[in-house]
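Residues per chain, in single letters:
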Amino acid sequence: MGMRFTLAKAAGAVSTWGLRHVAHRPAANLPGKIALKVDPALLDELRGKCAEGSVITVGTNGKTSTNNLLADAFEAAGRTIICNRTGANLAAGIASALLQQPAAQWGVFECDELWLAHVLPHLRSRYVLLLNLFRDQLDRCGEIDRIQTSIAGALAASPDTVLLYNADDPLCARIADTVVNRSIPFGLDEDLKLAQNTVADAQMCQKCDGMVRYRYRQYGQLGDYFCDQCDFARPALVYAGRDIAIGAAGVTMAAEAMEAGEEVPQVLSGLTFVLTGTLAASGMTRDEAGARLKAMGAKVSGSVSKKTSFVVAGESAGSKYDKAVSLGVPVLDEAALLHLLETGEVPRDI
Ligand SMILES: [Zn+2]
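The structure reproduced in this document is the subject of the present report. (Residues numbered from 1 in each chain as written. Predicted model: local features only at pLDDT ≥ 70, side-chain atom pairs only at ≥ 80, totals over all residues. Heavy atoms only, no water.)

1. Thoughts on the packing of helix H8 (residues 144–156) against helix H9 (residues 170–178)
Right, on to step 1. Contact pair H8 / H9: the axes reach a minimum separation of 10 Å and the direction vectors enclose 40°. When the axes of H8 and H9 are compared, the pair comes out oblique. The two elements H8 and H9 cross, and the hand of that crossing is right-handed. Facing H8, whose interface residues are Ile144, Gln148, Ile151, Ala152 and Leu155, H9 presents Leu171, Arg174, Ile175 and Thr178.
Right, on to step 2. When the residues that make up the contact of H8 with H9 are grouped by side-chain class, the tally is 6 nonpolar, 2 polar and 1 charged. (Axes fitted to C-alpha atoms, helices over the stretch in contact; angles between N-to-C directions. Helix = DSSP H or I, 4+ residues; strand = E, 2+ residues; numbered from the N terminus. Parallel < 35°, antiparallel > 145°, perpendicular 65-115°, else oblique. Left-handed = near helix turned anticlockwise from the far one by under 90°. Contact = heavy atoms within 4.5 Å. Nonpolar A, V, L, I, M, F, W, Y, C, P; charged D, E, K, R; others polar.)

Laid out in structure tokens, this is it:
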């Protein structure tokens, strides 16, 4: 925590006070803007104010209402949060919220699509929630593929972030296709039979030269789609909305978690494993073991470095084992691996 951060916090506090008490104006943007000028690494420093991490909501339509709904849900579940509820969704607005609100368990932020690349690499959020991408930002943002590239770039810079995305939108699904981040699709699993009075944004397949067809289309380009020439199609939904009713009081639905996508607790999140040798006792291949580790949130790498959390050494482990020993990386045998996979308990003393 350096002098710049201290100065930035002071500048944020003074400008918040001045705006509220002297100018009688909301202080949703300017304090963060000033503080970011003083300390460009401000968001890295403030990240720790959200003890359990943060969620960032992005998308063309519905960001503020969805993010505020999410914030309400966190609070209803008894969690404390920091949130930019007013919709100030550039880096300055998020920085203002982090400066002005007391430390909390979770950060719940909405972010402008093109600003995600400036925010996510610093906040390194646990989740990005991607709602939809419509072309009505054309004048401001340029082509939709520029927005897609920017969002994908932001996710690449924060590879531990999990992408929760609206699979009904082929433009969002295409982003999930191109990133290495763990991605969880959600969507509406029935035809709402709405009047088709909007022009779909994505008619051409973004993976090949084919056309995107629809089993049903809800609105714009959202629906259950597939390409007529390649394997691009709406992914199998992990979370699906069903029994959807739209009435005067709003929308109701039943949200179901699909069995195939049953959430496994991400107890190994942040840990990197390297597997070497033969797992003779369990008969698992290294790929199978790696897949199980990944499903629990771990990263699996092919080479040992100082950043490796654990090396799993089966029978006749070779140079990777030697390298782990020379770097002081903890080594697990197959029994310890099986114990870890069964219990999710990370070994502390090896
Ligand atoms: Zn295609």
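Still more ground to cover, so stick around.
2. Some words on unusual backbone geometry
Right, on to step 1. In this model, Asp243 sits at a positive phi of 50°, which is unusual for a non-glycine residue.
Right, on to step 2. Inspection of the secondary structure puts Asp243 in strand E9 (residues 239–247).
Right, on to step 3. The residue Ser316 is not glycine, and still its phi comes out positive at about 45°.
Right, on to step 4. On the secondary structure map, Ser316 appears in the loop between strand E13 (310–313) and helix H11 (319–327).

3. Details of the nonpolar core
Right, on to step 1. Ranked by size, the top nonpolar core spans 52 residues in total, and within it Leu42, Ile56, Leu98, Leu116, Leu163 and Ile175 carry the most contacts.
Right, on to step 2. Discounting residues that sit within four places of it in the chain, Ile175 has contacts with Leu130, Leu133, Gln148, Ile151, Ala152, Leu155 and Leu163. (Core = buried A, V, L, I, M, F, W, Y, C linked by side-chain atoms within 4.5 Å. Buried < 20%, exposed > 50% of the residue type's maximum accessible area, 1.4 Å probe, protein only.)

4. Here's the deal with the pairing of strand E11 (residues 272–276)
Right, on to step 1. Most of E11 sits out of view: 5 of its 5 residues are buried.
Right, on to step 2. Across the two faces of E11 the burial is the same, with Thr272, Val274 and Thr276 and Phe273 and Leu275 all buried.
Right, on to step 3. Pairing of E11 with strand E12 (residues 299–301) involves 3 bridges; the strand directions are parallel. Across the sheet, residue Val274 finds its bridge partner in E12, namely Ser301.
Right, on to step 4. As defined by bridge partners, E11 adjoins E13 across 4 bridges and the pair is classed as parallel. Within the sheet, the bridge partner assigned to Phe273 lies in E13 and is Phe310. (Pairing = 2+ DSSP bridges.)

5. What to know about the packing of aromatic side chains
Right, on to step 1. As enumerated under the stated definition, the model contains 6 aromatic pairs in all.
Right, on to step 2. Taking the centre distance of 6.5 Å and the plane angle of 25° together, the rings of Trp106 and Tyr127 count as stacked. Of this pair, Trp106 sits in strand E3 (residues 104–110) while Tyr127 sits in strand E4 (residues 127–130); the two residues are 21 residues apart in sequence, bridging distant segments of the chain.
Right, on to step 3. On the accessibility criterion, Trp106 (8% relative accessible area) is buried.
Right, on to step 4. Here the aromatic rings of Tyr214 and Tyr225 are separated by 6.1 Å at their centres, their planes lie at 65°, and the arrangement is edge-to-face. Of this pair, Tyr214 sits in strand E7 (residues 212–219) while Tyr225 sits in strand E8 (residues 222–227), and the two are 11 residues apart along the sequence.
Right, on to step 5. On the basis of relative accessible area, Tyr225 is assigned to the buried category, the value being 0%.
Right, on to step 6. Among the aromatic residues, ring-to-ring pairing joins Phe74, Trp106 and Tyr127 into one connected group. (Phe/Tyr/Trp six-rings, centres within 6.5 Å; stacked < 30°, edge-to-face > 60°.)

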